[in-house]
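Okay, here's what each chain looks like letter by letter:
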Amino acid sequence: MTESSNRHRDPLGSRSSVGAHAEIPPLLDGTRLPEVGELLEGAVVVAQPMHTRFRGVTVREAMLLHGPAGWAEFSPFAEYGPEESARWLAAAIEAGWQGWPTPVRDWVPVNATVPAVPAADVGRVLDSFGEVPAVKVKVAESGRTGPEGVAEDVARVAEVRRLRPGAALRIDANQGWDHATALAALQRLAEHGLEYAEQPVAGIEGLARLREALHAAGTPVRIAADESVRRETDPLAVARAGAADLVVVKVQPLGGVRRALGIVGAAGLDAVVSSALDTSVGIAAGVALAASLPALPYACGLGTVALFTEDVVVPRWLPDAGRLASCVSGASGASRARPVPDPAALARLRADEGRQQWWRQRLVQAHGVLSAT
Ligand SMILES: O=C(O)CCC(=O)C1=CC=C[C@@H](O)[C@@H]1C(=O)O
Ligand SMILES: [Mg+2]
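Residues numbered from 1 in each chain as written. Chains lettered and ligands numbered in written order. Predicted model: local features only at pLDDT ≥ 70, side-chain atom pairs only at ≥ 80, totals over all residues.

Here we look at helix α12 (residues 280–292)
So, point 1. Over its 13 residues, α12 runs 18 Å from end to end, which matches the ideal 18 Å to within 8%, given 1.5 Å per residue.
So, point 2. A large share of α12 lies buried, amounting to 13 of its 13 residues. (Helix = DSSP H or I, 4+ residues; strand = E, 2+ residues; numbered from the N terminus. Expected span 1.5 Å × (residues − 1). Buried ≥ 20, exposed ≤ 12 C-beta atoms within 10 Å, placed from the backbone.)

Right, dumping it as structure tokens:
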């Protein structure tokens, strides 16, 4: 597909100029794949409890690896199989055995993330992030997508707007709505001023159809693709289809900072960097990506360690005045040191032997996929 034919398929004018032959770097891209034994030496699985259930998770487990370049995180969600997990392992190998590219900025703006809590709890959650330029609100929680659930979503968003009148506001439905519900809900939510709606419905065609319907209804809420980027075998398909205005990028699911940079470049759309609910060790990779992108028009979803009751890094890596400093050396040197697990917190949060074993097996399987690639 040429650039002009792509525009033809996108009558609403998303700015993507992705071509059919846009190439994204392969996993590991020339980096040596360490032996399993080398990866597992010093590896430890931690279990970090959450203040509030988030994407069905109440305790977040993560395997931390220690390579020559520093600490790295391997934490594919529990339900992910070896193929998908291999991308997360490639990201950990980049972090621990290669290091990240030189950034173009020293710090990145960060958004608060509000889980699907009752409106009465919104103030408490917002306070845990401090002052931030933007807030992301979770909506369409599983089992809460009927009229009552939508009313709760509207109340939650309205409360955020009341408490943070100047903040940019975005919602994330994690593809929980059907077309009609999304169309109606977004028209109501748009009254509170939305910078964009993240994955309101499932699938690339679903996003394209909703985006057109919103424009036709005179409510042109921008659409961000998340699951349609990170869980698709072709992360560029959504951009090719002109189905979204921007892409959400997460380092671990996309296979590392360099690969994510390649995907954003090839997609030709604005990108929002977000966490994969990582510990502070994994957050460092997200900051490395955000600090390296040529353009960073949106605050990043990298403040999520605030959602844990405790983090393995002490003090945990929270935004300061709405921003996180880069820990990779750039033109003006690194603004802070790379986060390192605290030995006492590591011992306290260490998962039991059964879980250590389960994660070691997952790593071995993901390693098998990478060695066959
Ligand atoms: O983007 C943010 O503000 C925080 C990160 C975040 O929302 C997520 C992290 C990991 C998994 C998720 O279901 C969720 C998301 O869908 O974006
Ligand atoms: Mg999302």
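Some remarks on the UniProt feature "domain: Mandelate racemase/muconate lactonizing enzyme C-terminal" (unreviewed entry) in the chain
So, point 1. UniProt marks residues 119–217 with the feature "domain: Mandelate racemase/muconate lactonizing enzyme C-terminal" (unreviewed entry), using the numbering shown here.
So, point 2. Between the C-alpha atoms that bound residues 119–217 the distance is 28 Å, and the span itself is 49% helix and 13% strand. (UniProt positions renumbered as here; feature names shortened; annotations may be inferred.)

Quick look at the environment of T52
So, point 1. Position of T52 relative to the elements: it lies in strand β1 (residues 44–54).
So, point 2. By C-beta crowding, T52 is classed as partly exposed, having 14 other C-beta atoms within 10 Å.
So, point 3. Between the alpha carbons of T52 and R209 there is a distance of 33 Å; along the sequence they are 157 residues apart.
So, point 4. Every residue in contact with T52, bar those within four places of it in the chain, is listed here: P115, V117 and L307. (Contact = placed C-beta atoms within 7 Å.)

What about the UniProt feature "active site" (unreviewed entry) in the chain?
So, point 1. Listed under "active site" (unreviewed entry) in the UniProt record, and renumbered for this structure, are K138 and K250.
So, point 2. Mapped onto the elements of the fold, K138 is located in strand β6 (residues 134–138).
So, point 3. Apart from the residues within four sequence positions on either side, K138 is in contact with V114, P115, A116 and D172.
So, point 4. Following the sequence through the fold, K250 ends up in the loop between β10 (246–249) and α10 (251–254).
So, point 5. When the 25 C-beta atoms within 10 Å are taken as the criterion, K250 is described as buried.

What about helix α3 (residues 82–98)?
So, point 1. Counted at 1.5 Å a residue, the expected span for α3 with its 17 residues is 24 Å, and the 22 Å between its end C-alpha atoms agrees.
So, point 2. Across the 17 residues that make up α3, a large majority, 14, are buried.
So, point 3. Just downstream of α3 lies G99, where phi reads positive at about 90 degrees.

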